[in-house]
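Architecture and fold: a report
The chain contents come next:
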Amino acid sequence: MISVNEAWNIIVRQLPVKKITEVSLLESLDSTLAEDVFSDLDLPPFDKSAMDGYALRAADIKNAPVELEIIEVVSAGQVPVKAVKPGKTIKIMTGAPIPQGADTVVRIEDTEAVKNNTVRVLATIKKGANIAYQAEELKEGAKVLSKDTFLRSQEIGVLASVGKQRLKIYQKPTVAIISTGDELVEINVKPQPAQIRNSNSYTTAGQIAKMGLNYELLGIARDNLSDLTEKISRGLQFDILVLTGGVSVGEFDLVEQVLKKLGVKLFFDQVAIKPGKPFVFGKKEDHLVFALPGNPVSSFVITEVFIRPAVSMISGNPSLVKPKIFAKITEPFQKITNRQQYVPAVFEQQTFSITPVHWHGSADLVSVTHANALLIIPPNITPLKQDDQAEVMLLE
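Below, the structure is looked at part by part. (Residues numbered from 1 in each chain as written. Predicted model: local features only at pLDDT ≥ 70, side-chain atom pairs only at ≥ 80, totals over all residues. Heavy atoms only, no water.)

Details of the side chain of S312
With respect to the helices and strands, S312 occurs in helix α6 (residues 296–315). For S312, a relative accessible area of 6% translates into the label buried. Engagement of the side chain of S312 in a polar contact is seen with the backbone oxygen of N317, the distance being 2.8 Å. When sequence neighbours within four positions are dropped, the list of residues in contact with S312 reads N317, P318, L320 and V321. (Helix = DSSP H or I, 4+ residues; strand = E, 2+ residues; numbered from the N terminus. Buried < 20%, exposed > 50% of the residue type's maximum accessible area, 1.4 Å probe, protein only. Polar contact = N/O pair within 3.5 Å; in protein donor to acceptor, adjacent residues only side chain to side chain. Contact = heavy atoms within 4.5 Å.)

Here's the deal with the packing of helix α1 (residues 4–14) against α6
Interaxial distance between α1 and α6 falls to 11 Å at its minimum, and their mutual angle equals 30°. Taken together, α1 and α6 sit at an angle that is classed as roughly parallel. For the pair α1 and α6, the crossing hand works out as right-handed. Of the residues in α6, those touching α1 at V4, A7, W8, I11 and V12 are V305, F306, P309, A310 and M313. (Axes fitted to C-alpha atoms, helices over the stretch in contact; angles between N-to-C directions. Parallel < 35°, antiparallel > 145°, perpendicular 65-115°, else oblique. Left-handed = near helix turned anticlockwise from the far one by under 90°.)

Let's talk about the nonpolar core
Residues I11, I273, F279, F290, F306 and Y342 are the most contacted members of the largest nonpolar core, which totals 38 residues. When contributions to this core are tallied by element, the ones reaching two or more residues are α1, β13 (175–180), α3 (200–210), β17 (240–244), β21 (287–292), α6 and β25 (373–377). Apart from residues no more than four positions distant in its own chain, F306 is found in contact with V4, A7, W8, I11, V271, I273 and F279. A176, V258, L259 and V264 belong to the second-largest nonpolar core, a separate cluster that totals 20 residues. (Core = buried A, V, L, I, M, F, W, Y, C linked by side-chain atoms within 4.5 Å.)

The structure is reproduced here in structure tokens:
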């Protein structure tokens, strides 16, 4: 049995090299850029008005209030025809080019109409006010975004501004999910005595979907070599195969045997973690295999602790990693073991405190619905007293 840190270090060493793919701009949302991007133009591409108002010469309003003659009206998308001369102004809309001769824009709120073609400017403002100058954001040829940038909606907008229709990103891994066990029935079937519904596939699918990955449910594999071999063979065609159940030491726990038969190299099969001790990790070529315990809280915890950060590294997306903080525990915690524990808990942001959820062990997924965090208890420590600081992994 190896420690959590040892298990993670083994997984990191086996992660495949990040794959690069080219996609359209909108397809790249919530992905990570795999290239540097440079601007194909100045931003803004011309001097433009930052306000609805009047383009004028600052020298003409230094003794405001003053009246100026309106010689033209220019909206966004139009090019001014006339030049601004002393005593003249052009009414201008936000985004319109600054006309020749003008050096300032006064807001429409700082003016009042006098009569046709005349406006009274009420305030004195500094030269250059309310003008967005050409290339003040970006110069043509400048780097817009660097490789390894995570692409949110604002980055998508910037890439659109520089005409980046297609771009290279790190490819997100595909995932296959299999639950194993003769006791399982699908969720549309009412369980008979000794049967349970296949909740694990759906819990895991929800976690994988929250990582932004495509996945496929391959169904239930029965506890026999034939069915396990057929379904695991299909699962090994995906970048990541996640199995639940069949990895303990029982007579019908056959997953490890089938994985070895199919050429998967296994690196460990027990981790000093609670819940989730019988956890198998393997690899075939560039295909990763995570075989998790069948108890639903165990599989949930292993997915958050190991699979999520692995996906983060494969896809180049650090935002997938759940933040860890320290918070004040609200009650004593006495149940110390020789394994690192991940206890479902409720984190209260206002008081920066953490309260363990009272649950009934690794089969009790219902109680975990009340949790928004995992309280991390290292192995073999002194029991925690109320108000001690404890490490917490936030789930939300």
